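Summary of structural features
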Amino acid sequence: MSTVPTLPFDPAAVPHVDQVGVEERAAGLGKRSIKKDAKKAGIRLAISMIDLTTLEGKDSEGKVRQMCRKAIQPMPGDPTVPHVAAVCVYPNLVPVAKEALEGSGVKVASVSTGFPAGLVPLPVKIEDTRRAVAMGADEIDMVIDRGAFLAGDYGKVSSEILAVKDACGEAHQKVILETGELETYDNVRKASHLAMAAGADFIKTSTGKVAPAATPAVVLVMLEAIRDFYLDTGRRIGMKPAGGIKTTKQALHLLVLVKETLGDAWLTPDLFRLGASTLTNDLLMQLTKEMTGRYQNEDYFTKD
Amino acid sequence: MSLDVRKTYKLYVGGEFVRTESGRYDAVESAKKKFLANVSRGSRKDLREAVRKAREAQPGWAAKTAYLKGQILYRMAEMLEGRAESFEKVLRDSPGLSPAAAKKEVRASIDRLVHYAGWSDKYTAILGTVNPVASSYFDFSVPEPMGVVGIVAPDAPDLLGLVSHLAPVIVCGNAAVVLVSETSPLASLEFAEVLATSDLPSGVANLISGRREELVPHLARHMDVLAISDAAGDAALSKQIGQDAAVNVKRVRRYALPDYFSGKAQGLDYIEAFTETKTTWHPIGV
Amino acid sequence: MEAERPRLEFGSAWEYSPAPESKDHVKIEKRYGLFIGGQFVPPKSKKYFQTINPATEEVLAEVAEAGAEDVDAAVRAAEEAHRKRWSKLAPAERGKYVYRIARMIQEKSRELAVLESMNGGKPIKESRDVDVPLALAHFFYHAGWADKLEYAFPRHTVSSIGVCGQIIPWNFPLLMAAWKLAPALACGNTVVLKPAETTPLTSLALARIIQEADLPPGVVNIVPGAGETGAHVVNHPRVRKVAFTGSTEVGKIIQRAVAGTGKRLTLELGGKAANIVFEDAPLDQAVEGIINGIYFNQGHVCCAGSRLLVQESVADAVLGKLERRIATLRLGDPLDKNTDVGAINSKMQLEKIRELVACGVEEGAEIHQSSCAIPAKGFFFPPTFFTGVAQSHRIAREEIFGPVLAVMTFRTPEEAVEKANNIPYGLSAGIWTDKGSKIFKITSKMKAGVVWANTFNKFDPSSPFGGYKESGFGREGGVQGLRAYVELTS
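Since this is a predicted model, take the numbers as computed values, not measurements.

Let us look at the interface of chain A and chain C. Taken residue by residue, the interface counts 37 residues in chain A and 35 residues in chain C. Summed over both partners, the interface of chain A with chain C comes to about 3,100 Å²; 51% of that surface belongs to carbon and sulfur atoms. Put simply, chain A and chain C have 7 salt bridges between them. Across the pair Asp284 of chain C and Arg189 of chain A runs a salt bridge whose closest N-O atoms are separated by 2.8 Å. The interface formed by chain A and chain C holds 21 residue pairs in polar contact (both at pLDDT 80 or more) in total. If you list the elements that add at least two residues to the side of chain A that touches chain C, you get helix H1 (19-29), helix H2 (36-48), helix H10 (216-233) and helix H11 (248-261) of chain A. It is H11 of chain A that provides the largest number of residues to the side of chain A that touches chain C, a total of 6 residues. Residues of the side of chain A that touches chain C, tallied by class, amount to 13 nonpolar, 7 polar and 17 charged.

Here it is, written out as structure tokens:
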């Protein structure tokens, strides 16, 4: 993973995005009607792609342990519901998660690089990453320096991604663009290309701390960047929308965007993740409704 | 025989029915001096709050499509139509109109709302222009709303006067704070129920009852109110408004309509009065 | 790691289940009469024709065919309604009737959308989200003009014309009925409307709405039939204004027929619009615009972007994207909510498309087609585009009216403008570029009535629509669209 060569990044060559056009396309795909078997399959697929996330100052060992149990078996009593893809926590909670998830197939993802603002010196970012990996993180979700990006210092942004990639070692690297702060679709597209050229394994929309986060149009822009990168280089980069994804409807909409922009190969947790915390229960409620025909009540689903 | 549950008339601010923060009231009597209701004697703080809510609501309202704004005004007409009889009753009580006159006023108010609903997606085409400047530029002018507009409604006709001045102000994207008729406020305050059930976003129209002499100066001097529609018909008051308005260069429109039922009491001019013109230049060339 | 060229695979991973729009709430009669004088009446012609669902070829209903006597009865009913009621009504009251129609279309939206898709073949996604909402918006918009005409025509005395004969096509049946009826009624005229022979059902549903709205009898009359019925309407001596939307060929026939009669005429005819993509266009959105321009409504659109003029420097990139994009277009049952491309409206139209496509291949252009499965029953044609097209090819000059795009390249803006304008038509055009000044420059040179910049196929009742040259004359929508329906004296 860390031996993939980086590519030159030319900001002038990045395609421009028309806001009205891209929002129309993203909204149009939201009209796909996903019913019955497709809905059940989509829900199960979405569950398998979740990075179950807790990133609060008040996170504790107990909280993380409970969340891990939910991650392994989201719906006790129903073995057809898969485990989630990963659990996403702050570095200090990595060992707890690692232990709780031992042998389950659920990965441990850690944020790093001074998440969420990322305004700490580079050596600190690197150390942050190294330690998280040493404590057992399989995946690292890093943030880019948005200030440098908006100031046009692309070299700085790229070199930081490279340095962190190095510190990741065998762990896979997700690069968070924080699209809510980049604001324009042109910037999102540009940052996507920059991150992929610098070797990111995944590009991710948001830290979840800034709104707007993973809107359908922003996700579409990033998927189109991934598509073009793949067609140019043959490299498949993964995508993770995070922040504001609360309902099944939203999750399925995002899957439609992936399916119709990138096709079959990306419909797997290896290449697509959903950063979410409360989404899981809505997915489970919808799945139960599809299977029983009855609308559901929150009280019947665990809040871990 | 079941006792009727009498209505408490409140102010309508920010989409909510609230009492005046001052706790004061004025009694409203019928033409035969029979007690009808206590209405809120609005204070400057109520006014301040209304302007705040209007300011908050205005950008979102202006951004809605003309089509949607028209639909909402049409819905107001539908709601008023559905409540026609109850409004006629209120007008018969206060100011004490004959049944025929009450009916006439309610019908005219409904039609006026329909009239302005139909302007929402048309005034731009008539007021806007493409200007043939003598250089290689695409040059166009569009009418835009001003912001928060203060309206001093006439004492009579109560309902029709309110509708005649409120509808043109909001149809083009402004938000309004209205000082309703001082002598017969009941039908105006009841109109808040039509506003509240018409999908009009909270804060776009706010109705305050009370005494003009206490409230008008605060409206006319408010730095966040960008225009005044003065239909009070009081020369001394108008002069004061004119002077006070200068504090932030408010646009002041004074109306002294002899007959609110005539066709001259509605039309494009009433909308145009509350729009600003924005002209944009863009080069033409490859 | 990829050994060969990277390819995207749009296959069967997570297939969408069928998502049929329910149709059991839609009421279709077995037999429809003519709508004359506020009633559904049997035809004096004694003739009926069948109307089908082009996606399944099943018969939906029998519809009365208006003969010469029927058209005469309709015109007389319209005249009487105009003379005795409609022209005497206060304009604001007229407006309120039209508002009622708008509201009732709104209430019956879903039923009308399903009916439109069943009778015409277009995807439910389009009839639900485009046709019906726009139709009701047209009634809503024009309702508001009824009492404001003095503003549209200052310093003139405005009056209505009288009886208008209106002939509409099969590609947007309900919407075209709205485009014709709304301004005519708002301006105080009465109408005899002839829907297209393959798509009478939504016009007849509209007739029912008009009845329920209590419109004075005879204000709107609907006389289904084919070319002959249309000719009776056009030629009737008491029809004072004719409005026609359809092919240029028939438009010319009507223009000849009406010459010297004093009848007012507006025509909205065919097109062969150029969608021009410059190298500095936002390419992904441009590709969506191209797709929307030619495959929306199966290309059955007079203003369809049926020619793509792409700047040579980005031609490969654009064509690659186009090829990948048509792979995700879903063709099939119009009532499936996930269908993007529905049925071709009729067997006849399907034959025409096939003929021209075969011609394209014969003339030497290179054909690219979606490999989507085609249903066994019904009339369907896959999304298609041709490269290597020359200006002189038939597929570059003739209106195909199907999901077929002709692609040509250009090097400079001048060349693009020249090629775009080098056809007898002039209905619409599309310009794709990120540069604002270029937009204004190029749009100012297009000989087309509607020019879309960085978008395509956008319609609004407040925005005038109509063509230059052989795409017809007159405008529909906006202040300009009222002109055709009023008599002005200074």
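All names here are of chain B. Residues Asp26 and Val28 of strand S3 (residues 25-29) are buried on one face, while the alternating residues Tyr25, Ala27 and Glu29, pointing to the opposite face, are not. The pairing of S3 with strand S4 (residues 35-40) spans 5 bridges and is antiparallel. When the bridges of S4 are listed, Val28 appears paired with Ala37.

The next thing to look at is the pattern of salt bridges. All chains considered together, the criterion is met by 75 salt bridges over all chains. Note that Arg189 of chain A and Glu224 of chain A form a salt bridge whose closest N and O atoms lie 3.9 Å from each other. Taken as a pair, Arg189 of chain A in helix H9 (residues 185-197) and Glu224 of chain A in helix H10 lie far apart in primary sequence, 35 residues in all. The residues Arg189 of chain A and Glu224 of chain A share a single accessibility class, namely buried. Arg394 of chain C is the salt-bridge partner of Glu355 of chain C, the closest N and O atoms lying 3.4 Å from each other. Taken as a pair, Glu355 of chain C in helix H12 (residues 347-362) and Arg394 of chain C in helix H13 (residues 394-397) lie far apart in primary sequence, 39 residues in all.

Residues and elements named next belong to chain A. Contact pair helix H7 (residues 154-168) / H9: the axes reach a minimum separation of 9 Å and the direction vectors enclose 45°. One element, H7, and the other, H9, form an angle in the oblique class. H7 and H9 meet at a crossing whose hand is right-handed. Contacts between H7 and H9 involve Tyr154, Val157, Ser158 and Ile161 on the former and, on the latter, Lys190, Leu194 and Ala195. Along the lines of polarity and charge, the residues of the contact of H7 with H9 split into 5 nonpolar, 1 polar and 1 charged.

Taken together, the 3 strands give an open sheet; going across it, the order is S5-S6-S12 (chain B), and neighbouring strands pair in antiparallel fashion. Lying at the two open borders of the sheet, with one neighbouring strand each, are strand S5 (129-131) and strand S12 (275-283) of chain B. Taking each pair of neighbouring strands and ignoring which way they run, the sheet shows an average axis angle of 25°. As defined by bridge partners, S5 of chain B adjoins strand S6 (residues 137-145) of chain B across 3 bridges and the pair is classed as antiparallel. For Asn131 of chain B, the partnering residue across the bridge sits in S6 of chain B and is Asp139 of chain B. Along the sheet face, helix H15 (residues 436-445) of chain C touches S6 and S12 of chain B and points at about 85° away from the line of S12 of chain B.

Glancing now at the layout of surface pockets. Over the atoms rolls a probe the size of a water molecule, and its path tells where empty space is left. All names here are of chain C. In this model, the largest pocket occupies a volume close to 1,700 Å³. Leu8, Phe10, Glu323, Arg324 and Ala327 are, among the 50 residues lining the largest pocket, the residues nearest its centre. Its residues placed into classes, the lining of the largest pocket shows 21 nonpolar, 13 polar and 16 charged.

The next point concerns the interface of chain B and chain C. The extent of an interface is frequently quoted as the accessible surface area lost upon association of the parts. Residue-level contacts link 26 residues of chain B with 27 residues of chain C. Interface of chain B and chain C: buried area, both sides summed, is about 2,200 Å²; carbon and sulfur atoms make up 65% of it. It is Tyr74, Lys122 and Val286 of chain B that lose the most area in chain B upon contact with chain C, and together they represent 26% of the buried surface on that side. On the surface where chain B and chain C come into contact, there are 2 salt bridges. We note a salt bridge from Glu78 of chain B to Arg103 of chain C, for which the minimum N-O separation is 2.6 Å. Scanning the region where chain B abuts chain C turns up 11 residue pairs in polar contact (both at pLDDT 80 or more). Elements with a contribution of two residues or more to the side of chain B that touches chain C: helix H2 (66-82), helix H4 (99-117), helix H5 (123-127) and S12 of chain B. Here the side of chain B that touches chain C takes 6 residues from H2 of chain B, the largest share from any one element. Split by residue class, the side of chain B that touches chain C holds 12 nonpolar, 8 polar and 6 charged.

Residue and element names in this part refer to chain B. When you line up the elements, Ser209 lands in the loop between strand S9 (205-208) and helix H8 (212-221). Judged by relative accessible area, which is 1%, Ser209 ranks as buried. Of the polar contacts made by the side chain of Ser209, one reaches the backbone oxygen of Ser40; its length is 2.8 Å. When sequence neighbours within four positions are dropped, the list of residues in contact with Ser209 reads Leu11, Val39, Ser40, Arg41, Gly42, Val180, Pro185, Leu189 and Leu215.

What follows deals with the pairing of strand S5 (residues 59-64) of chain C. Residue and element names in this part refer to chain C. Both strand S1 (residues 31-32) and S5 contribute to a ladder of 2 bridges, which runs parallel. The residue of S5 that forms the bridge with Tyr32 is Val63. In terms of strand pairing, strand S4 (residues 48-52) meets S5 through 5 bridges, oriented antiparallel. Directly across from Ile52, in S5, lies its bridge partner Val59. The hairpin formed by S4 and S5 contains 6 residues between the paired strands, and Glu57 there has a positive phi angle of roughly 65°.

Residue and element names in this part refer to chain A. Look at H2 against H11: their axes get within 10 Å of each other, and the N-to-C directions meet at 90°. Between H2 and H11, the angle falls in the class roughly perpendicular. Contacts between H2 and H11 pair Lys39, Gly42, Ile43, Leu45 and Ala46 from the former with Thr248, Ala251, Leu252 and Leu255 from the latter. Of the residues assigned to the contact of H2 with H11, the class counts are 6 nonpolar, 2 polar and 1 charged.

Take the side chain of Ser30 of chain B next. Residues and elements named next belong to chain B. When you line up the elements, Ser30 lands in the loop between S3 and S4. For Ser30, a relative accessible area of 14% translates into the label buried. Setting aside its immediate chain neighbours within four residues, Ser30 contacts Leu36 and Asp93.

Conventions we followed
- Residues numbered from 1 in each chain as written.
- Chains lettered and ligands numbered in written order.
- Predicted model: local features only at pLDDT ≥ 70, side-chain atom pairs only at ≥ 80, totals over all residues.
- Heavy atoms only, no water.
- Contact = heavy atoms within 4.5 Å.
- Buried area = accessible area lost by both parts, 1.4 Å probe.
- Salt bridge = Lys/Arg side-chain N within 4 Å of Asp/Glu carboxyl O.
- Polar contact = N/O pair within 3.5 Å; in protein donor to acceptor, adjacent residues only side chain to side chain.
- Helix = DSSP H or I, 4+ residues; strand = E, 2+ residues; numbered from the N terminus.
- Nonpolar A, V, L, I, M, F, W, Y, C, P; charged D, E, K, R; others polar.
- Buried < 20%, exposed > 50% of the residue type's maximum accessible area, 1.4 Å probe, protein only.
- Pairing = 2+ DSSP bridges.
- Axes fitted to C-alpha atoms, helices over the stretch in contact; angles between N-to-C directions.
- Parallel < 35°, antiparallel > 145°, perpendicular 65-115°, else oblique.
- Left-handed = near helix turned anticlockwise from the far one by under 90°.
- 1 Å grid on protein atoms, 1.4 Å probe; cavity = no way out; pocket = protein on both sides within 12 Å on 5 of 7 lines; lining within 4 Å.
- Points joined across faces, edges and corners; volume = space filled by probe spheres on them.

Honestly, that's just the spatial picture; any functional story needs more than this.
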